[in-house]
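Notes for the structure review
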Amino acid sequence: MKTSLGLVLAFCLAGLQFVAIIIIMWSSYVTSERVLLDHARNLLRDSGINTIAHSKGFLNPAQDAAELAARIAENKIVASDNRQLLEQLLFQQLLTAPHLAGLFYGDERGNFVYVKRSDVTAPFRSKIISYEGGNRNTELIWRDRDYVAVAQLPDPKDTYDPRKRPWYTQAQQQRSTIWTDPYIFFSSQNPGITIAAPVTASDGKIQGVVGVDIEISELSEFLAQLKIGENGTALIVNQNGDVIAHPNPALLKTVDTDGSFRFAGIEEIEDGIAQTAFGGLAKLDPVLVETETYAEFSYDGADFVSTIMPTISAELPWTIAVYAPKSDFVGAIVQNRTRNIWIAALVSVLTGAVGLLLANYINRPVRAFAVRAALISQGEVDPSEPMPRTYKELERANTALTEEIMQRKTAEREYGQTFELSSRGMVQISSETGRFIRVNAKFASITGYEPEELLQMKAVDFLASEDPAAFNRILSEMLDSGDASVVRKCLRKDGQTVWLRVNAILIRDNDGKPLHFVATINDITKSLNSQKQIEKLNRDLSHLARGELLGQMAAGLAHELNQPLTAITQNADAALLTATENAGQDSELQQILQELDQQAHRAADIIKALRNFAKKGEEWKTPFDLDALIGQTLHLVKAEASEHGVRIEFNPGDLPEVTGIRTQIAQVIVNLLRNAIEAIAGTDDSDNSIQITLSADKDFVTVSVEDSGPGVDPGLDLFSQFETTKADGMGLGLSICRSIIETGGGRMWHEPGQAGGACFCFTVPVAQK
Ligand code: ADP
């Protein structure tokens, strides 16, 4: 199926446009996505750094407070056993640092002072454990902001021993400030940590430990306020995998097996996204990363980016983990991408439509050209008619096409004329069926059929006595070789036999498939007949030549012998007369002489008879056309003439018929021509020609044969017997010729030719009507 130029152009334009836009758009999309994701990464890291700074800023004062209290205790600014003063000192610290939940001091003897914030009775509550005289006193005091005791209660059931608490033992063993892991405070049930600093005596012994409780819920609040993209979240994970700060603090706590609260682990927190992003961290022990780690992941069909920051510090072995949906950063460009795809599609459709219009515009002249070309080739439009509006290229194509068509038409016309008007028969024969496809008038006249009749016939139908199978064999051989030249005897419509020479060639199409044969047919019946006549003439001539030669020799001999024989006869007669007078009738001499005379007379009679034989032939005289006879004799000397490069010029004229013995006259002409060719052959002259001229008067037709040779040798006695200049000549030819001509009633003579050659002439009587 051929595709329309318009559609191809439209689709190509639209497709190219679409591909170009998509490539540009995709490249810009990928670039901007990368930039935005880099930006997201930076943002996540900034949030992490921010959280770290905030955490440090939040916790450092607590450390300062604990260490300050310890230093005070060490420096005995507050006697460690002056519990009232110590309580007051701790109260002051609590008052000034709002994020501290409580401060406390325990010593080696089990004494304990604890000041903390309170929700009931008063804003602060102190717990003081003291051993006096081996008795343990536990007292609870509620105070207002001015340190005024609002309520006071003993707590005899209390069994708390500071020296057994982990913060005490760790600080005691490490002899430096320690930070506990975050845990859920028992009293407030809020998450927090404890910082503890040992108090050392001047002898280096540990006297006690100062501790500070810090609630870290504030870290979760901070995280909740943090702005990370639209929906980003940061959380703080402890080194053991506990999530200790989360924008949603409710998720932090979980109930332990013993009924107490504990932190939810990163792999169990009810934040699916955080679990997916950071759950893997739980496998690490401790949960620490040394370098900032950026990752991308999918959760519930949405894509996210995440960053895990390195551990904050040795004291705070926490990791800040931040995640945010990818769409917060690249959502806009994804939307943009979708919009751009639609724009690309729209532009492509528009381009396609424009392409279609354009193609139509371009194509219209092309279509008009194609239609015109088709009409021209069908002969419905004259190629010389002006072209419609078109392109330069098409104009050139039109010129070439027009020329081509004109040439083709001329060739067709010429072929048609050649075919129709040819002096030979011409036919086209189907190579498949052998049937005539086209025949010309000449072929019709050769065969005697009408052209319409011939178109119904096959070539084989003409063959006289030819086996169709043999003919088909010839056809298939012709198909193989591509041409053929045969002579066949054929039958005309009227039943006459004709000899046809057929020259055929096979015409094939561009793919080499046989189309038909084109054959030229010559009727060679006449020329075959005249050939036969020439052959017969030749045979007659050689027979005649032998007879003439014999006759002429006999005549010559008779002529030559006649005189001596006459002399012998006369002498024999005289001798007989003398002998008779001298010796009488019966002498032996007389007998011998009589015998001699008789034999001499007999010899003379034989000679006479021989001379009469040479003169015979009168009875074979017939009227004939001298022109035609000369034409035939030319065939006989053709080979010799062309061997010596001699040209024979003969212009037949409209002459009356002559009378004579046809073959003898032919013999004369052949003789003269051969003499002329031999004479010319012996020279170097370039004009090797023989001119035969005929002229007629009332009684005779004169034939002259003039050659361009050297002319007759002057010392030669022409027309005499045995006169020759040739090594192998007999010198009888010319004398025989003259005798033939003269016997036929004509004359023969020689005259010098105009160009120096020889010119032999003879006359033949005109036939009487
Ligand atoms: P032959 O040909 O056997 O010699 P011819 O009687 O035919 O006998 O010729 C006799 C001689 O006449 C030739 O030998 C030749 O010398 C001369 N002769 C004949 N025809 C020509 C000619 N056309 N031109 C020159 N000489 C000729």
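Every value quoted in this text rests on a predicted model; they were computed, and no experiment measured them. (Residues numbered from 1 in each chain as written. Predicted model: local features only at pLDDT ≥ 70, side-chain atom pairs only at ≥ 80, totals over all residues. Heavy atoms only, no water.)

1. Examining the packing of aromatic side chains
What counts is decided by this rule: Note on aromatic contacts: the rings of Phe and Tyr and the six-membered ring of Trp form a pair at centre separations within 6.5 Å, being stacked when their planes are under 30 degrees apart, edge-to-face when over 60 apart, and tilted otherwise. Each ring is checked for a lysine NZ or an arginine CZ that lies within 6 Å of its centre and within 35 degrees of its normal; such an atom marks a charge sitting over the ring.
Counted by the stated rule, this structure contains 19 aromatic pairs. Aromatic ring contacts, followed pair by pair, group Phe 104, Phe 112, Tyr 114, Tyr 160, Trp 167 and Tyr 168 into a single cluster. Across from the ring centre of Phe 261, 5.4 Å away, lies the NZ or CZ of Lys 253, which sits over that ring. The ring of Trp 749 carries Arg 747 above its face, with NZ or CZ at 4.3 Å from the centroid.

2. Some remarks on the site of the ligand
What counts here: A single heavy atom is enough: if one lies within 4 Å of a molecule or strand, its residue is considered near that molecule or strand. Side-chain atoms alone can form a polar contact between residues adjacent in sequence; in general such a contact is a pair of N or O atoms within 3.5 Å, and within protein one must be able to donate a hydrogen while the other accepts it. Using the Shrake-Rupley algorithm and a 1.4 Å probe, accessible areas are obtained, with residue cover drawn only from the displayed protein chains. The way it works is that DSSP assigns letters per residue, a run of H or I at least four long becomes a helix, a run of E at least two long becomes a strand, and they are numbered from the N terminus. When residue character is reported, Ala, Val, Leu, Ile, Met, Phe, Trp, Tyr, Cys and Pro are called nonpolar, Asp, Glu, Lys and Arg charged, and the others, Gly included, polar.
In the neighbourhood of the ligand, 19 residues make up the surrounding shell, with Thr 724, Thr 725, Lys 726, Gly 731 and Leu 734 lying closest. The contact in question runs from an oxygen atom of the ligand to an N or O atom on the side chain of Asn 675, over 3.1 Å. One nitrogen or oxygen atom from the side chain of Asp 707 is found 3.1 Å from a nitrogen atom belonging to the ligand. Notes on the ligand: free accessible area 530 Å², of which the protein chains cover 92%. Taken together, the elements giving at least two residues each to the shell around the ligand come down to helix H14 (662-681), helix H15 (733-743) and strand S28 (758-765). Looking at side-chain class alone, the shell around the ligand contains nine nonpolar, seven polar and three charged residues.

3. Side note on unusual backbone geometry
Heads up, the rule is: Exposure is judged per residue with a 1.4 Å probe applied to protein chains only, and the accessible area is read against the type maximum: over 50% gives exposed, under 20% gives buried, and values in between give partly exposed.
Its identity as a non-glycine residue notwithstanding, Tyr 147 has a phi of 70°, on the positive side. Tracing the backbone through its elements, the reader meets Tyr 147 in the loop between strand S4 (135-143) and strand S5 (149-154). A positive phi is found at Asp 300, a non-glycine position, where the angle reads about 55°. If you trace the backbone, Asp 300 turns up in the loop between strand S14 (293-299) and strand S15 (302-308). Judged by relative accessible area, which is 72%, Asp 300 ranks as exposed.

4. Quick notes on helix H13 (residues 626-643)
We count it as follows: Here, expected helix span is obtained from the residue count minus one, scaled by 1.5 Å. The seven residues ending at a residue and the seven starting there each receive a fitted axis; the angle between those axes is the bend at that residue.
Here H13 is 18 residues long and its end C-alpha atoms lie 26 Å apart, about the 26 Å a rise of 1.5 Å per residue gives. Bending of H13 peaks at approximately 55° at the position of Val 637. Of the residues making up H13, those classed as buried are Leu 626, Asp 627, Leu 629, Ile 630, Gln 632, Thr 633, Leu 634, Leu 636, Val 637 and Ala 641. Two or three places before Asp 627, at the start of H13, stands the capping residue Asp 625, its side-chain oxygen 3.1 Å from that residue's backbone nitrogen. Of the residues one or two after H13, Gly 645 is the one with positive phi, at around 70°.

5. Quick word on the nonpolar core
As a reminder of what qualifies: In these notes, a set of buried Ala, Val, Leu, Ile, Met, Phe, Trp, Tyr and Cys residues joined through side-chain atoms within 4.5 Å is what counts as a nonpolar core. We call two residues in contact whenever any of their non-hydrogen atoms come within 4.5 Å of each other.
Leu 59, Leu 100, Ile 214, Leu 235, Phe 278 and Trp 318 are the most contacted members of the largest nonpolar core, which has 78 residues in total. Looking at this core element by element, the count peaks at 13 residues for helix H1 (residues 5-74). For Leu 59, the contacting residues outside a window of four places in its chain are Trp 179, Ile 193, Ile 195, Ile 214, Ile 216, Leu 316 and Trp 318. Counting 43 residues, the second-largest nonpolar core is a separate cluster that includes Leu 537, Phe 650, Ile 680 and Leu 734.

6. Things to note about the pairing of S28
Put simply, the rule is: Here, strands pair whenever DSSP counts at least two bridges between them.
With eight of eight residues buried, S28 is to be regarded as a mostly interior element. Burial along S28 is two-sided: Ala 758, Phe 760, Phe 762 and Val 764 facing one way and Cys 759, Cys 761, Thr 763 and Pro 765 facing the other are all buried. Sheet topology note: the strand S27 (residues 748-752)/S28 ladder contains five bridges and is antiparallel. The residue of S28 that forms the bridge with His 750 is Phe 760. If you look at the hairpin formed by S27 and S28, you'll find five residues sitting between the two strands, and Gly 756 has a positive phi there, around 95°.

7. Focus: the packing of H13 against H14
How two helices pack is summed up by the angle between their axes together with the distance between the axes. Going by this rule: A fitted line through C-alpha atoms represents every axis, and for helices the fit uses only the stretch in contact; the resulting angles, taken between N-to-C directions, go from 0 to 180 degrees. Put simply, angles under 35 degrees are roughly parallel, angles over 145 are roughly antiparallel, angles from 65 to 115 are roughly perpendicular, and the rest are oblique. Rotating anticlockwise by less than a right angle from the far helix to the near helix defines a left-handed crossing, while the corresponding clockwise rotation defines a right-handed one.
Contact geometry of H13 with H14 gives a least axis separation of 9 Å together with a crossing angle of 40°. One way to sum up the angle between H13 and H14 is to call them oblique. With respect to the hand of their crossing, H13 and H14 are arranged in right-handed fashion. On H14, the residues touching Leu 626, Leu 629, Ile 630, Gln 632, Thr 633, Leu 634, Leu 636, Val 637, Glu 640 and Ala 641 of H13 are Arg 662, Ile 665, Ala 666, Ile 669, Val 670, Leu 673, Arg 674 and Ile 677. Classifying every residue of the contact of H13 with H14 gives 13 nonpolar, two polar and three charged.

8. Brief notes about the side chain of Gln 93
By the secondary structure assignment, Gln 93 is in helix H2 (residues 83-96). Excluding its chain neighbours within four sequence positions, the residues that come into contact with Gln 93 are Ala 65, Leu 68, Leu 100 and Leu 103.

9. Structural notes on the sheet that holds S14
Strand order in the open sheet made by the five strands is S11-S10-S16-S15-S14, with antiparallel pairing throughout. Of all the strands in the sheet, just strand S11 (243-245) and S14 have a single pairing partner and so form its edges. Adjacent strand axes in the sheet meet at a mean angle of 35° when their direction is disregarded. Taken together, the six bridges between strand S10 (residues 233-238) and strand S16 (residues 318-325) define a ladder with antiparallel strand orientation.

10. As for the packing of H14 against H15
Contact geometry for H14 and H15: axes closest at 10 Å, N-to-C directions at 150°. Viewed along their axes, H14 and H15 form a crossing whose handedness is left-handed. Touching Gln 664, Ile 665, Gln 667, Val 668, Asn 671, Leu 672 and Asn 675 of H14 are Gly 733, Leu 734, Cys 737, Ile 740 and Ile 741, all from H15. Grouping the amino acids of the contact of H14 with H15 by side-chain chemistry returns seven nonpolar, five polar and no charged.

11. So, the pattern of salt bridges
This is how it is decided: Whenever Lys or Arg places a side-chain nitrogen within 4 Å of a carboxyl oxygen from Asp or Glu, that contact is recorded as a salt bridge.
Counted by the stated rule, this structure contains 21 salt bridges. Linking Asp 158 and Lys 127 is a salt bridge whose minimum nitrogen-to-oxygen distance equals 2.7 Å. Residue Asp 158 is located in the loop between S5 and helix H3 (166-174), and its partner Lys 127 is located in strand S3 (residues 124-132); the two are separated by 31 residues in the primary sequence. Each member of the pair, Asp 158 together with Lys 127, is buried.

12. Structural notes on the confidence of the model for the protein
The criterion, for reference: Each residue carries a pLDDT value, the predictor's own confidence for that position, ranging from 0 to 100.
Per-chain confidence: the protein averages 83 in pLDDT, with 93% of residues scoring 70 or above. Per-element confidence in the protein ranges from a low mean pLDDT of 72 for helix H11 (residues 525-583) to a high of 96 for S28.

13. Here's the deal with the pairing of strand S1 (residues 100-107)
For S1, the buried fraction is high: eight of the eight residues fall into the buried class. Pairing geometry for S1 and strand S9 (residues 206-215), over seven bridges, is antiparallel. Each residue of the ladder has a partner; that of Leu 103, found in S9, is Val 212. Here five bridges tie S1 to strand S2 (residues 112-117), and the two strands are oriented antiparallel to one another. By the bridge assignment for S2, Gly 102 is matched with Lys 116. Hairpin remark: S1 followed by S2, antiparallel, with four residues in the connecting loop; positive phi at Gly 110, about 100°.

14. Details of the sheet that holds S27
Here we have five strands laid out as an open sheet, ordered S23-S25-S26-S28-S27, and mixed in their pairing. For this open sheet the edge positions go to strand S23 (647-650) and S27, each flanked by a neighbour on one side alone. Ignoring which end each strand starts from, the neighbouring axes of this sheet average 20° apart. Its contacts with the sheet place H15 against S27 and S28, and it is angled at close to 125° to S27.

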